[in-house]
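# Per-entry structural report
Take a look at the letters that make up each chain.
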Amino acid sequence: MWTFLKIIRLNRATVRSLNPLPRGWTVVLRRSCSSASSESRVTNPSILRHLTSKITATGAITVAEYMREVLTNPVSGYYVKNDMLGADGDFITSPEISQIFGELVGIWCVSEWVASGKPKVLQLVELGPGRGSLIGDILRVFHQLQSVLHGAEVSVHLVEVSPKLSQLQAQCLAGEYTCGGEDELVYRTGTTHTGLPIYWYRSVKDVPRGFSIFLAHEFFDALPIHKFQRTEKGWREVMVDIHPEEPDKLRFVLFPTPTLASTTLIHEDEKRQHLEISPEGGVIVQKLASQIAEDGGAALIADYGHDGTKMDTFRGFRGHKLHDVLEAPGTADLTADVDFSYLRRMAGDAVVCMGPITQRAFLKNMGIDARLQVLLRSCHDATTRAQLIHGCDMLTSPEKMGSSMRPTGRRQAARRNHRGGRLSAADAPIEKTTSFLKSPAVGLI
Ligand code: SAH
């Protein structure tokens, strides 16, 4: 299930009909950035060595610790060292496929701001901006809608753990920028090409207070998860250990007794046999919810996810193909579908959750068909026209990214292979959805 989760504290209806987009908007051709291609990342021995030493010294580690080390270890983490997006990378995302995705999210941001009574300050906050394509497309919308945003103090705040990607974001978004020290909360500042102040942080807790629109696109699925298995003796945590016969290989084991995580994280009403929980994701949602409740704003969380129904979704992706999660750690993306029922619970009652709805429904509601026609009218290059049409189809077609793909056979089958834009005959389409949270006074829409 592909899900948008929208968290907003508002006291009026929040989904609005789309304003027609101004004519003559530019068609953006995505730059091709240099990336460490998946072919060149055959193995990353330093991460494996680091993990095996750690396990030898202190015993099996949780899946969350494994994921955190593999993805965001400050020296050799997958996100820290690579640009993994795009055709040469490991996966592709909606903002990378078509500018229209970001443009429609930009319209959504402006409409949320208008509906909130046009507060003087507007902080646009993105978690995990990747190459900066989404925010870049949004900033173009903001520039085009200057007359609507007139008088608002708009600032841009990016939460990014990867020095490599934050560098790409700065090159893509900022006319000029300066880097802060290692220990500074704001590690880079600059001015966008459209003249707005832009700031980079490692953690969302460092983003200043104030009316904010938060965006998280394919961010929550990268956060570490704990995995649990129901057994005859109760819930047991899945751990990562060294293979007893092959010391340079890792394997999953069940911890024999309850762990701190298994005793504190699992809801008493839980019915599933296997569970994945990201407490880090929960803490981040709590922060968004409390800031929105106190200062106003909204959050749009878009990810592959489910509503508390799925069990084992932990997967690796490398070169647009599935990859064993314990094989050659650090050379592949690790991801787990987002449990939106958990995020809703963590958000609490001060905000209202809405959705989920499919990406297709969200984009159709936001006027993707009309936007495509406007772009096609002003574009006469046959290749670019074909790209625009193909991009829209990728984003909305139920067989592609408009809804998610699910394997019908083996556990490790072709899940999320739409990231690479390829479908396999074995895939059966399932819902890809959008979810919303909003203020208690409003109720679900
Ligand atoms: N939103 C982008 C990129 C998705 S990939 C897109 O849709 O194209 C995940 C992004 O989250 C990357 O930018 C990665 O560096 C960042 N990220 C992953 N874990 C993070 C963490 N713990 N804190 C901050 N950023 C993180």
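Residues numbered from 1 in each chain as written. Predicted model: local features only at pLDDT ≥ 70, side-chain atom pairs only at ≥ 80, totals over all residues. Heavy atoms only, no water.

### Re the nonpolar core
Spelled out, the test is: For the purposes of this section, nonpolar cores are sets of buried Ala, Val, Leu, Ile, Met, Phe, Trp, Tyr and Cys residues that join through side-chain atoms within 4.5 Å. A simple rule labels every residue: compare its accessible area, found with a 1.4 Å probe on the protein chains alone, to the largest value its type can have, and call it buried under 20%, exposed over 50%, or partly exposed in between. Secondary structure elements follow DSSP: runs of H or I no shorter than four residues count as helices, runs of E no shorter than two count as strands, and numbering proceeds from the N terminus. Should any heavy atoms of two residues lie within 4.5 Å, those residues are considered in contact.
If you look at the biggest cluster of nonpolar residues, it comprises 51 residues, and the most contacted ones within it are Val105, Trp108, Leu124, Phe142, Ile213 and Leu215. For this core, the element with the most residues is helix α5 (residues 99–115), which contributes nine residues. If near-sequence neighbours (up to four positions away) are discounted, isoleucine 213 is found in contact with Trp108, Cys109, Glu112, Leu122, Gln123, Leu124, Val125 and Ala298. Residues Phe214, Phe228, Ile301 and Val351 belong to the second largest nonpolar core, which totals 32 residues.

### Considering the packing of aromatic side chains
For clarity, the threshold we go by: Two rings belonging to Phe, Tyr or Trp (six-membered ring only in the last case) form a pair when the distance between their centres is within 6.5 Å. Interplanar angles under 30 degrees mark stacking, angles over 60 mark edge-to-face geometry, and anything in between is tilted.
Taken as a whole and judged by the stated rule, the model has two aromatic pairs. The interplanar angle of 70° and the centroid separation of 5.3 Å between the aromatic rings of tyrosine 78 and tyrosine 79 together place this pair among those described as edge-to-face. Tyrosine 79 carries the same exposure label as tyrosine 78, and that label is buried. Ring centres 5.4 Å apart and planes at 85° place the aromatic pair phenylalanine 219 and phenylalanine 220 in the edge-to-face group.

### Quick notes on the packing of helix α1 (residues 45–58) against helix α2 (residues 63–72)
Describing two packed helices takes the angle between their axes plus the distance from one axis to the other. The condition that has to hold: Axes, fitted as lines to C-alpha atoms, cover a helix only where it is in contact. Angles between the N-to-C directions of the axes lie from 0 to 180 degrees. Oblique is the label for any angle not under 35 degrees, not over 145, and not in the 65 to 115 range, which are roughly parallel, roughly antiparallel and roughly perpendicular in turn. In this scheme, a crossing is called left-handed if the near helix is turned counterclockwise away from the far one by less than a right angle; it is called right-handed if the turn is clockwise. Only Asp, Glu, Lys and Arg are considered charged in this grouping, and only Ala, Val, Leu, Ile, Met, Phe, Trp, Tyr, Cys and Pro are considered nonpolar; every other residue, Gly among them, is considered polar.
Here α1 crosses α2 at 150°, and the two axes come no closer than 10 Å. In terms of axis orientation, α1 runs roughly antiparallel to α2. In the crossing of α1 with α2, the sense of the turn from one axis to the other is right-handed. When α1 is examined against α2, the residues Ile47, His50, Leu51 and Lys54 are found in contact with a partner set consisting of Glu65, Tyr66, Glu69 and Val70. Per-class residue counts for the contact of α1 with α2 are four nonpolar, one polar and three charged.

### Some points on the site of the ligand
What counts here: Definition of nearness: a residue and a molecule or strand are near each other if at least one heavy atom of the residue lies within 4 Å of the molecule or strand. Between N or O atoms, a polar contact is any pair within 3.5 Å; within protein, one atom must be a potential hydrogen donor and the other a potential acceptor, and residues adjacent in sequence are included only when both atoms are from side chains. The Shrake-Rupley method, run with a 1.4 Å probe sphere, supplies the accessible areas, and residue values consider only the shown protein chains as cover.
Taken together, the neighbourhood of the ligand is formed by 18 residues, with Thr93, Gly128, Gly130, Glu160 and His217 sitting nearest. Within the side chain of glutamate 160, one N or O atom sits 2.5 Å away from an oxygen atom of the ligand. Considered on its own, the ligand offers 570 Å² of accessible surface; in the complex 95% of this is hidden by protein. Among the residues forming the shell around the ligand, the class breakdown is ten nonpolar, five polar and three charged.

### Considerations on the pairing of strand β8 (residues 212–217)
On a regular strand, one side chain projects to one face of the sheet and the next to the other, so that they alternate. For clarity, the threshold we go by: Strand pairing is defined by DSSP finding a minimum of two bridges between the two strands.
A large share of β8 lies buried, amounting to six of its six residues. Burial along β8 is two-sided: Ser212, Phe214 and Ala216 facing one way and Ile213, Leu215 and His217 facing the other are all buried. Alignment of strand β3 (residues 121–127) against β8, held across five bridges, turns out to be parallel. By the bridge assignment for β8, valine 125 is matched with phenylalanine 214. Bridge count for β8 against strand β13 (residues 297–306) is six bridges, and the pairing is parallel. Paired with serine 212 across the two strands is glycine 297, which belongs to β13.

### Looking at the pattern of salt bridges
What counts here: The term salt bridge refers to a side-chain nitrogen of Lys or Arg lying within 4 Å of a carboxyl oxygen of Asp or Glu.
Counted under the stated rule, the structure contains 19 salt bridges. Ionic pairing is found between arginine 371 and glutamate 103, a salt bridge with its closest N-O pair at 2.6 Å. Of this pair, arginine 371 sits in helix α13 (residues 368–377) while glutamate 103 sits in helix α5, and the two are 268 residues apart along the sequence. A residue is classified by how much of its surface remains accessible, and glutamate 103, at 0% relative accessible area, is buried. In this structure, aspartate 339 engages arginine 272 in a salt bridge whose closest nitrogen and oxygen atoms are separated by 3.3 Å. In this pair, aspartate 339 sits in strand β17 (residues 338–339) while arginine 272 sits in the loop between α9 (260–264) and β12 (274–277), placing the two residues 67 residues apart along the sequence.

### A look at the environment of cysteine 179
Residue position: cysteine 179 is located in strand β5 (residues 174–179). Spatially, the C-alpha atoms of cysteine 179 and glutamine 167 are 9.8 Å apart, while their sequence positions differ by twelve residues. Not counting residues within four places of it along the chain, the set of residues in contact with cysteine 179 comprises Tyr187 and Arg188.

### What to know about the pairing of β5
As defined by bridge partners, β5 adjoins strand β6 (residues 186–192) across five bridges and the pair is classed as antiparallel. Bridge pairing in β6 links alanine 174 to threonine 192. A loop of six residues connects β5 with β6, the two strands running antiparallel in sequence.

### Section: the sheet that holds strand β14 (residues 315–318)
Taken in spatial order, the three strands make up an open sheet running β15-β14-β16, and their pairing is antiparallel. Looking along the sheet, the strands with just one partner apiece sit at the ends: β15 (321–323) and β16 (333–335). Sheet twist, expressed as the mean angle between neighbouring strand axes with direction ignored, is 40°.

### Considering α5
Residues separated by three or four positions in an α-helix point in the same direction, a consequence of the helix having 3.6 residues per turn. As a reminder of what qualifies: Here the expected length of a helix is defined as 1.5 Å per residue gap, with one fewer gap than residues.
Over its 17 residues, α5 runs 25 Å from end to end, which matches the ideal 24 Å to within 8%, given 1.5 Å per residue. With 16 of 17 residues buried, α5 is to be regarded as a mostly interior element. Among the residues trailing α5, glycine 117 stands out with phi positive, at a value near 90°.

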